Amino acid sequence: MKHSKILLSATLGLGLAVGMTAMPAAASAPPAPTGDTSEHPATSGYLPTPGDQAANKAFFKAVMKSVKAKQAISPRAASVTVTYDASQAPTFAAQIASSAQIWNSHVSNVQLQAGGNADFSYREGDDPQGSYASTDGHGNGYIFLDYAQNQEYDSTRVTAHETGHVLGLPDHYEGPCSELMSGGGPGPSCTNSNPDQTESGKVNELWANGLAAFDKTDFMKAS
């Protein structure tokens, strides 16, 4: 789904339907980011638009920009570490940790780890448009996890899917449940939270040979 932030914002999400269940009573978190969403209404379909795909690419490039700046001292590193901050999404701490472990076990050229001076962060709250990833176009990005969406859909799948955008994968809502980046396309009954072999291969290709690949490889499609 789309979410309007500031002029340079680029956003994306699982493309899930609106009108889900309420936020967990025990959750206490900062409110969802605000902004004028009138020009970007929620959609009930799962097919990505050209704008969504552009937002996917923008978020990936923002993360790459942040990582590249920090990794400049080790330009020949065979693998890259992408650091995240989950402190603003305490309700989803377990899902975030699981998502990092899932991706780390499926790819070798890039690894996710929690830490300071993060390349991106996770946030939580209520948003009728669901979960999404956002960047201001200047190397600052975050993944927003919506309470209601994470109740209707498998929360680890939602989180791992959004994290896939960090690693360079676009949405592919028309894909089967076996594809992580099909997101909400297969429906709430799909609980697969693992990328398939093609998705893992694309991530490894994007991050091949450390950060050198960023200068040579364009954004890759997952199918």
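Before reading further, recall that the structure is shown in the block above.
Q: Sorry, what's going on with the overall build of the protein chain here?
A: Assigned secondary structure in the protein chain consists of 5 helices and 6 strands. Its helices and strands in sequence order give the protein chain the pattern β-α-β-α-β-β-β-β-α-α-α, from N to C terminus. Put simply, the protein chain has 223 residues, and 49% of those count as buried. Sequence-distant contacts in the protein chain: of pairs separated by 6 or more residues, those separated by 24 or more amount to 70%. Total accessible area on the protein chain is roughly 9,500 Å²; 53% of this is exposed by carbon and sulfur atoms.

Q: How should the packing of helix H2 (residues 93-106) against helix H4 (residues 155-166) be read in this particular structure?
A: If you want to describe how two helices pack, look at the angle between their axes and the distance between the axes. The geometry of H2 relative to H4 is characterised by a closest axis approach of 9 Å and an angle of 55 degrees between their N-to-C directions. As summarised for this structure, H2 and H4 are arranged oblique, according to the angle between their axes. Two packed elements cross with a definite hand, and for H2 against H4 that hand is right-handed. For the pair H2 and H4, contact is made by Gln95, Ile96, Ser98, Ser99, Ile102 and Trp103 and by Ser155, Thr156, Thr159, Ala160, Thr163 and Gly164, respectively. Partitioned by chemical class, the residues of the contact of H2 with H4 number 4 nonpolar, 8 polar and no charged.

Q: I keep staring at unusual backbone geometry and nothing clicks. Help me out?
A: Here the phi dihedral of Asn117 falls at roughly 50 degrees; this positive angle occurs in a residue that is not glycine. Here Asn117 lies in the loop between strand S3 (110-114) and strand S4 (120-125).

Q: Whenever I open this one, H2 confuses me. Can you help?
A: Every α-helix winds through 3.6 residues per turn, so residues three or four apart in the chain are directed the same way. In this model, H2 (14 residues) spans 20 Å end to end at C-alpha, consistent with the 20 Å of a helix rising 1.5 Å per residue. Those residues of H2 not exposed but buried are Gln95, Ile96, Ser99, Ala100, Ile102 and Trp103. Projected down its long axis, H2 shows its buried positions confined to an angular sector of 160 degrees, all on one face. Residues of H2 that are buried in the fold lie against strand S2 (80-88), S3, S4, strand S6 (141-146), H4 and helix H5 (197-206).

The rules behind each value
Residues numbered from 1 in each chain as written. Predicted model: local features only at pLDDT ≥ 70, side-chain atom pairs only at ≥ 80, totals over all residues. Heavy atoms only, no water. Helix = DSSP H or I, 4+ residues; strand = E, 2+ residues; numbered from the N terminus. Buried < 20%, exposed > 50% of the residue type's maximum accessible area, 1.4 Å probe, protein only. Contact = heavy atoms within 4.5 Å. Areas by Shrake-Rupley, 256 points an atom, 1.4 Å probe, with all protein chains shown as cover. Axes fitted to C-alpha atoms, helices over the stretch in contact; angles between N-to-C directions. Parallel < 35°, antiparallel > 145°, perpendicular 65-115°, else oblique. Left-handed = near helix turned anticlockwise from the far one by under 90°. Nonpolar A, V, L, I, M, F, W, Y, C, P; charged D, E, K, R; others polar. Expected span 1.5 Å × (residues − 1). Arc of directions from axis to C-beta.

Worth remembering: the numbers are spatial, not functional.
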